[in-house]
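Okay, here's what each chain looks like letter by letter:
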Amino acid sequence: MDELKTVRELYGEPQADSLLKARVRKRLEAELRRRRRRLSWTVAVAGLAVAAATAVAVPAVIGQAGPPNQVTEIAGPPDGTTAISGRSVLLAAATTAESGSAATGAYWHVRKLYRQTYPERLGRGENRYRVVESRLTEQWVARDGRVWSGSRTLGARPMSGADEEAWRRDGSPTEWSSEGDMLSTSPDKGMLRAVTGKVPFSMAGHQMTFEQLRELPADTAALKDWVTEAVRDAPGGSTDGVVADALSGLLWSKPSPPDVRAAAYRALAELPNVRYLGKATDEQGRAGAAFSFTLQAAPPVRRTLIIDPDSSQVLSSTVTGRPGVTGDQVEVVLDAGWTDDKPAVPDLP
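Residues numbered from 1 in each chain as written. Predicted model: local features only at pLDDT ≥ 70, side-chain atom pairs only at ≥ 80, totals over all residues. Heavy atoms only, no water.

1. Examining a negative patch on the surface
What counts, and what does not: Residues forming no salt bridge and having over 30% relative accessible area are the ones grouped into patches, like charges within 9 Å of each other and nonpolar side chains (Val, Leu, Ile, Met, Phe, Trp, Tyr) within 5 Å. All accessible areas in this document rest on Shrake-Rupley with a 1.4 Å probe, and a residue is counted as covered only by the protein chains that are shown. For this document, the term salt bridge refers to a Lys or Arg side-chain nitrogen within 4 Å of an Asp or Glu carboxyl oxygen. The charge count treats Lys and Arg as positive and Asp and Glu as negative. His and the chain ends do not count. A charge is said to be at NZ when it belongs to Lys, at CZ for Arg, at CG for Asp and at CD for Glu. Working definition: helices are DSSP H or I runs of at least four residues, strands are E runs of at least two. Numbering for both runs from the N terminus. Partly exposed describes any residue whose relative accessible area lies between the buried limit of under 20% and the exposed limit of over 50%, with all areas from a 1.4 Å probe on protein chains only and scaled to the type maximum.
Together, Glu120, Glu133, Glu179 and Asp181 make up a region of like negative charge exposed at the surface. Relative to the helices and strands, Glu179 resides in the loop between β6 (175-178) and β7 (181-184). The exposure class assigned to Glu179 is exposed, which follows from its relative accessible area of 66%.

2. What about the packing of helix α6 (residues 220-230) against helix α7 (residues 239-249)?
How two helices pack is summed up by the angle between their axes together with the distance between the axes. To be explicit about the condition: An axis is simply a line fitted to the C-alpha atoms; with a helix, the fit covers only the stretch in contact. Between two such axes, the angle follows the N-to-C directions and lies from 0 to 180 degrees. Throughout this description, any angle smaller than 35 degrees is read as roughly parallel, any larger than 145 degrees as roughly antiparallel, any in the 65 to 115 degree range as roughly perpendicular, and the remainder as oblique. For any pair of crossing helices, the crossing counts as left-handed if the nearer helix is rotated counterclockwise from the farther one by less than a right angle, and right-handed if it is rotated clockwise. Any pair of residues with heavy atoms lying within 4.5 Å of one another is described as a contacting pair.
Two numbers describe how α6 lies on α7: the axes approach to 9 Å, and their chain directions differ by 115 degrees. When the axis of α6 is compared with that of α7, the two are roughly perpendicular. For the crossing formed where α6 meets α7, the hand is right-handed. Residue-level inspection shows Leu223, Val227 and Thr228 of α6 in contact with α7, the latter providing Thr239, Val243, Ala246 and Leu247.

3. Some words on α6
The test is simple: The directions from the helix axis to the C-beta atoms are what the arc is built from. Whenever a nitrogen or oxygen atom comes within 3.5 Å of another N or O atom, the pair is scored as a polar contact, on the condition that within protein one atom can donate a hydrogen and the other can accept it, and that pairs from neighbouring residues in sequence are kept only if both atoms are in side chains.
Within α6, the full set of buried residues consists of Leu223, Val227, Thr228 and Ala230. Taken end-on, α6 shows its buried residues confined to a sector of 165 degrees, consistent with a single buried face. Among the exposed residues of α6, those pointing more than 90 degrees away from its buried face are Asp225 and Glu229. Residues of α6 that are buried in the fold lie against β9 (201-203), β10 (206-208), α7 and α8 (258-270). Near the N-terminus of α6, the side chain that reaches the backbone nitrogen of Ala221, with its oxygen 3.2 Å away, is that of Asp219.

As structure tokens, this is what we get:
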């Protein structure tokens, strides 16, 4: 028996509730907007995937270059799910960079945490160990080209657990004197100095001014050609490695205009020497995507960048294998941008 039909025959059709109709209409409109956003995002991702469709995932091998005009990928997950394209990550970062705001502030400012293994083993007798030095560096560049450099040593510490055990057996010293250097486990007071007789920026040994940075081409192919020509006479290293390094410097160490930063990201996506390593976390616990490229073939020297595609910011840079250097050289980018804060001795983190 259809009870609803009986009710309608006895009492007629119920009057529609106007408030209820409005609520239902509002919910439908919200659902349609949500589905449109989801569809547009799907189309955008699909577009990036099409752009990278020619890139075939290969196992990650240090120093291995992929086919021309692609970012070499890491192998896909063993469960058969779709691997994230390194090219799509760089193109997404380029889109974010392109939407960046115009430069405001009195100074271009970069604050970095620098870490490097001390080249000599310290300690006495059988209790020998390596220590890692950490320091803050900051640079301010005024719009008229004046430069200030700040530095603050944060102290040295044993490199590994085994080094810490040897350091404790050595009496846990807090200061060392080696090869004319004085090291300490404590931070120093820091310093700030004005840098004179120096152009603010450089690219593969070539000095650059604010004006030259602003005049860089914003077209991807034109920027790649410009950089390739500019670094042609750079000493040592492969051409692709020097070009990749110069392009990456435009992303964080220099006040590149937003459209130039976007072009630099897109140019990096075309270099066969640039390899996508997958998701990574920097020393500050910030999540991003890791890319590497070879700076020098023999002996192999490699730079690894961790970038945040959502903000288009470079989070850290690590150089591995540099001749005469023990361990990795790590630079964690704590801040890079325009500011009105005047130059000062770096604060402790």
